[in-house]
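One letter stands for each residue in the lines below.
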Amino acid sequence: MPIRFSNLPALLGGTLLQAPATDATIATLLLDSRRVGLTEGALFFALRGPHHDGHHHLAALYAKGVRLFVVSHALASLEPFAGAGFVLVPAALAALQTLAAAHRGTFQRPVWAITGSNGKTIVKEWLAQLLAPDEDICRSPKSYNSQIGVPLSVWELAPGRHTLGIFEAGISERGEMARLARIIAPTHGIFTTLGTAHDAGFASEGEKLAEKLTLFERPGFELLVYCADQPAVHAAVQARALPALAWTRHAVPGAALRFRLKPTGAGTTVRVRLGEAGLAQSLPAGQPALLAATRFTLPFADEPSVENALHCLAVLLWRQLDPATALAPAEIQRRLLRLQPVAMRLERKQGRHGCYLLDDTYNNDLAGLALALDALSRQARPGGRTLILSDVLESGLSGPALYARVLALVRAHGITRLIGVGEELSYELRVKSEELRIGVSETAKDQQSQLLTQTYPTTEALLADLRPTDFQNETILIKGARRFGFERVVAALQQLQHGTVLEVNLDALTHNLQYYRQRLRPGTKLMVMVKAFAYGSGSYEVASLLQFQRADYLAVAYPDEGQQLRENGISLPIMVLNPGPDSFEQLRRYRLEPEIYSLERLHDYLQAAQEAPTGTAPLPPLHLKLDTGMRRLGFDENDLGALLELLAAHRAQLPVASLMTHLAAADDPAHDDFTRQQLSTFQRMAAAVEAVLGRPVLKHALNSAGIRRFPEAQFDMVRLGVGLYGVEAGDEGSHNLLPVSTLRTTVSQVKTLPADTTVGYGRRGAATAHERRLATLAIGYADGYDRRFSAGAGLVLLHGRRAPVVGSVCMDMVMVDVTDIPETQPGDVAIIFGEGLTINELAERIGTIPYEILTNVSERVKRVFVSE
Ligand SMILES: *Cc1c(COP(=O)(O)O)cnc(C)c1O
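Since the model is a prediction, treat every value here as computed from it, not as a measurement. (Residues numbered from 1 in each chain as written. Predicted model: local features only at pLDDT ≥ 70, side-chain atom pairs only at ≥ 80, totals over all residues. Heavy atoms only, no water.)

**Q** Run through the confidence of the model for the protein chain, naming residues and quoting values.
**A** When pLDDT is averaged across the protein chain, the result is 90; 94% of the residues are at 70 or more. In the model, residues 441-447 has pLDDT below 50 throughout and makes eight contacts with residues more than four positions away in sequence or in other chains. (pLDDT = per-residue confidence, 0-100. Contact = heavy atoms within 4.5 Å.)

Shown next as structure tokens:
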């Protein structure tokens, strides 16, 4: 039974505030006012968090056409919302979860839940790959496994269409699993591993395990698959007497399946035996002969992949017990060999001719397409929006129904050009345009939409016809199912690269942002420093993400940096730390707010304000920098008298937006007395300025380290910098931050040097008494690889091992010793910094600070931005 809006008050325990003009069936759930796609049947939940309140966006949503709302506090007036429906509930998140649970109740087929600390997403994706030929599967998109992600995923279950659900459940705190269990209501489950991730919310390992297992302790639960080689998990499952299928690589008692593994080159051979608690005994009668003494090959050799694949194999073997789902062993083998590594990343890359590429070529189902289109519509960049799309797979819908949904999504996301690849999509698009031509479906909407379409039966046909010059200053989403090989399309449209790439992980950036946000008192504003090319990470992408995440302010060092952000569509307020005396017209034109740090600059500002011809826009407001101990820029206490006089005399022409100071040693406990003195000087000076202005103004003092160490000094705003990028100088707490950047390059050549041979310029690579192997890497000081790394000071990672620098770092190259890493070959990837070799460690090795390592990476190094 579809759920209608009129069902909601009873279902959610809420009150009807206003009935909608039409009682629509609920089609989509909407939580984010920035991601409005289809509005018909879209139900918005006004969630509230410490720094965000969905109720603030009701008017904007209404303007976009959304008509159905769940709110948790009554509105002052419903007058502006004519025809819209409102239900009032005690808590919107709980209501969302209740609605999803009710929807789940309408689905009678098996639902698998996957939990554990690692591998959830991969096991889910692989299980879906393995079962796809036999089942119509609804699964969580990407790793949607949270209190919000799970209800959204489960909502996608379509009772008439899907035959199986597979959902991930992830928790970080006590009490969360019970809520997820109610929504997923699994009949089957997989417990992957009990790791140490997300430990913070739990008192002990045991407590975390107990919490996770509550997912499966429910009436109607039929089977848990897990690895008995984890003693704590095995004991806990047995103690609870859960219906289970355990597997072991050894001979753990109580395991129904024993897997004997043997590495075979790039793969692993698995011999299957029934354990002493054989499947035949522990499960309903079946055909154990299908299982016993069978041998399979997995296309993986690494430990985590093998473990994940074994969970899936156990599920396939269990399905052998039911003649309805049993497969020939050769078919199981065929499917195992076709397992694909899971790379669900969306990569953002610079394209040719001013284009910007969103590369998402892993799979293409409806849920994934909707997410990728969201990512595209989040781009602030002006210019056309092109979608290159393959046939959409795994939808379970008929062609016309499927592509009507696809086209509706495409229209809702403002796509201007659609390039369709694949027989099915081309056919449907051609039918559609034919209908339009002969007037069968000539709706006003179709006529208005400026959507250009082109179709190709195959990727090869598209490539043959592809001229990069046909794409100019566009944002292009390339979204294709794996078998269409769209990476070739990406390669054709991408800017040429030299071998060095800085990979910036936008998910890690978001994580770090939330870490600092959680430290702010409600209402404290957040300014983020994106100066110096966002600490080397790429200003536009970082700014675009911050705009999406609703930072309050950005700050850049120079007006040109601000102008560039504006030209790329960034609309957040921007402060400029160092406006030159001649920059006021630029500031006015691009709405950049200057930091004013001296009487001269204040006079410049005043003059620019007074000399502006009538009718010009006013100058943007200014920020006064007070020097309380940094001794760099700012008014110090001696200047205060003159400053106050000027402000008093020209109050109308000097609009002060904020007062700020910068701490000299917020990161160092040895100087805490000095820091406190700075803060009290700031308060005293700020009070004097406010007295003259006759009103309070925003005040801010804290940088990254300050946010962490001086929560009492947040005032009205803080200025987050280096911490966002995953490093914080001298921070014992920085294990809370995730590394954001990975700098990598490639091996150009490998040489074997006889003993007594010197290396490089000035023969600074001293001769050795033994033969050695050297690899030459495609990175040098012109890329930002510091010359101080010469002669053993620096290291790189090759095949996970450390190779020391030999001789001097050259302009474009550097040589490293790979004698102990014999498998090194030309074309191999070398990590300069990233996982396993941190920026902090490198900084220490050459006696500098992480800021310098980060910002040194030169602009000629390509940035690639990845997110899930
Ligand atoms: C760079 C900068 C910050 C940020 O400092 P981090 O140490 O990177 O957090 C804050 N305020 C001002 C004025 C800055 O110049």
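**Q** Run through the UniProt feature "modified residue: N6-(pyridoxal phosphate)lysine" (unreviewed entry) in the protein chain, naming residues and quoting values.
**A** What UniProt calls "modified residue: N6-(pyridoxal phosphate)lysine" (unreviewed entry) maps, in this numbering, to Lys531. For Lys531, the position within the fold is in helix α19 (residues 531-535). On the basis of relative accessibility, which here comes to 25%, the residue Lys531 falls in the partly exposed class. Once residues lying within four places of it in the same chain are set aside, the contact partners of Lys531 are Ala555, Val556, Ala557, Glu561 and Leu577. (UniProt positions renumbered as here; feature names shortened; annotations may be inferred. Helix = DSSP H or I, 4+ residues; strand = E, 2+ residues; numbered from the N terminus. Buried < 20%, exposed > 50% of the residue type's maximum accessible area, 1.4 Å probe, protein only.)

**Q** So, the site of the ligand: which residues are in play, and what are the values?
**A** Residues in close proximity to the ligand include Met529, Lys531, Tyr535, Leu577, Arg632, His662, Asn703, Ser704, Arg719, Gly721, Val722 and Tyr851, which together make up its full environment. A distance of 2.6 Å separates an oxygen atom of the ligand from a polar side-chain atom of Tyr535. A distance of 2.8 Å separates a nitrogen atom of the ligand from a polar atom in the side chain of Arg719. When the ligand is considered free in solution it has 390 Å² of accessible area, and contact with the protein chains removes 94% of it. The residue makeup of the shell around the ligand, split by class, is five nonpolar, four polar and three charged. (Near = heavy atom within 4 Å. Polar contact = N/O pair within 3.5 Å; in protein donor to acceptor, adjacent residues only side chain to side chain. Areas by Shrake-Rupley, 256 points an atom, 1.4 Å probe, with all protein chains shown as cover. Nonpolar A, V, L, I, M, F, W, Y, C, P; charged D, E, K, R; others polar.)

**Q** Break down the domain arrangement of the protein chain for me, citing the residues and quoting the values.
**A** In terms of domains, the protein chain is made up of domain 1 (5-96), domain 2 (105-257 + 275-283 + 301-337), domain 3 (350-496), domain 4 (506-735) and domain 5 (741-867). Its C-alpha centre places domain 2 at a distance of 35 Å from the equivalent point of domain 3. Between domain 2 and domain 3, the residue contacts involve eight residues of the former and eleven residues of the latter. A salt bridge links Arg139 to Asp365, with the shortest nitrogen-to-oxygen separation between them at 3.6 Å. Summed over the shared surface of domain 2 and domain 3, the result is zero residue pairs in polar contact (both at pLDDT 80 or more). (Domains from an automatic or database assignment. Salt bridge = Lys/Arg side-chain N within 4 Å of Asp/Glu carboxyl O.)

**Q** Help me get a handle on the UniProt feature "domain: Alanine racemase C-terminal" (unreviewed entry) in the protein chain, residues and values and all.
**A** Those places that UniProt annotates as "domain: Alanine racemase C-terminal" (unreviewed entry) correspond, in this numbering, to residues 740-866. Structurally, residues 740-866 is divided into 11% helix and 34% strand, and its ends, taken at the C-alpha atoms, are 10 Å apart.

**Q** Before we move on, could you go through the nonpolar core and cite the residues and values that matter?
**A** As a rule of thumb, soluble globular proteins bury nonpolar side chains together. Within the largest apolar cluster, 139 residues are counted, with the highest numbers of intra-cluster contacts made by Leu554 and Leu624. Once residues lying within four places of it in the same chain are set aside, the contact partners of Leu554 are Met527, Val528, Val530, Ala543, Leu546, Leu565, Ile570, Leu572, Pro573, Ile574 and Met575. Counting residues in each nonpolar core, the second largest holds 40 residues, with Ala128, Ile166, Val306 and Leu317 among its members. (Core = buried A, V, L, I, M, F, W, Y, C linked by side-chain atoms within 4.5 Å.)

**Q** Summarise the sheet that holds strand β13 (residues 244-248); cite the residues concerned and give the values.
**A** Pairing within the open sheet is mixed, and its nine strands lie in the order β9-β10-β8-β11-β12-β13-β14-β15-β16. Only two strands of the sheet have a single neighbouring strand rather than two, namely β9 (137-139) and β16 (294-298). Neighbouring strand axes in the sheet, compared pairwise and without regard to direction, differ in orientation by 20° on average. As paired elements, strand β12 (residues 223-227) and β13 share four bridges and run parallel to each other. Looking across to β13, one finds that Leu224 is bridged to Ala244. Against the sheet, helix α8 (residues 231-239) touches β11 (188-191), β12 and β13, its axis set at about 155° to β12. (Pairing = 2+ DSSP bridges. Axes fitted to C-alpha atoms, helices over the stretch in contact; angles between N-to-C directions.)

**Q** Which residues make up the packing of aromatic side chains, and what are the values?
**A** Here the structure, examined in full by the defined rule, presents 17 aromatic pairs. Arranged with centres 5.8 Å apart and planes meeting at 85°, the rings of Tyr356 and Tyr540 form a pair that is edge-to-face. Taken together, the residues Tyr356 in strand β18 (residues 356-360) and Tyr540 in helix α20 (residues 539-548) connect sequence positions 184 residues apart. Tyr540 matches Tyr356 in its accessibility class, with the two residues each being buried. Here a set of aromatic residues connected by ring pairs shows up, and it is made of Phe44, Tyr62, Phe69, Phe81 and Phe86. (Phe/Tyr/Trp six-rings, centres within 6.5 Å; stacked < 30°, edge-to-face > 60°.)

**Q** How would you summarise the pattern of salt bridges if you had to cite specific residues and measurements?
**A** Should the charged atoms of two oppositely charged side chains come close, the side chains can pair. Scanning the model with the defined rule gives 37 salt bridges in all. A salt bridge links Glu690 to Lys699; its shortest N-O distance comes to 2.8 Å. What makes Glu690 buried here is its relative accessible area of 15%. With a closest N to O distance of 2.8 Å, Glu841 and Arg802 form a salt bridge. Of this pair, Glu841 sits in helix α27 (residues 839-845) while Arg802 sits in strand β35 (residues 801-806), and the two are 39 residues apart along the sequence. Classification of Arg802 by relative accessible area gives partly exposed; the value is 39%. A single network of salt bridges, built from pairs that share partners, joins Lys124, Glu125, Arg139, Glu168 and Asp365.

**Q** An account of the environment of Val410 is needed here, citing residue identities and associated values.
**A** Tracing the backbone shows Val410 in helix α13 (residues 399-412). Separated by 455 residues in sequence, Val410 and Phe865 place their C-alpha atoms 24 Å apart. Residues in contact with Val410, not counting those within four places in the same chain, are Leu373, Leu387, Ile415 and Leu451.

**Q** Quick one: what's the story with the environment of His700, residue by residue and with numbers?
**A** Mapped onto the secondary structure, His700 falls in strand β30 (residues 698-700). On a C-alpha basis, the gap between His700 and Asp716 in space is 6.1 Å, while along the polypeptide they are 16 residues apart. Aside from chain neighbours lying at most four places away, what touches His700 is Met527, His623, Ser658, Leu659, Met660, Thr661, Phe682, Phe715, Met717, Val718 and Arg719.

**Q** Please provide a residue-by-residue account of the sheet that holds strand β7 (residues 85-88), values included.
**A** Strand order in the open sheet formed by five strands is β1-β7-β6-β3-β2, with mixed pairing between adjacent strands. Of all the strands in the sheet, just β1 (15-18) and β2 (28-30) have a single pairing partner and so form its edges. Looking at each pair of strands side by side, their axes are set apart by 25° on average, direction ignored. Relative to β7, strand β6 (residues 68-71) is paired through four bridges, and the arrangement is parallel. Looking across to β7, one finds that Phe69 is bridged to Phe86. Against the sheet, helix α3 (residues 92-104) engages β2, β3 (42-45) and β6, with an angle of about 145° to β3.

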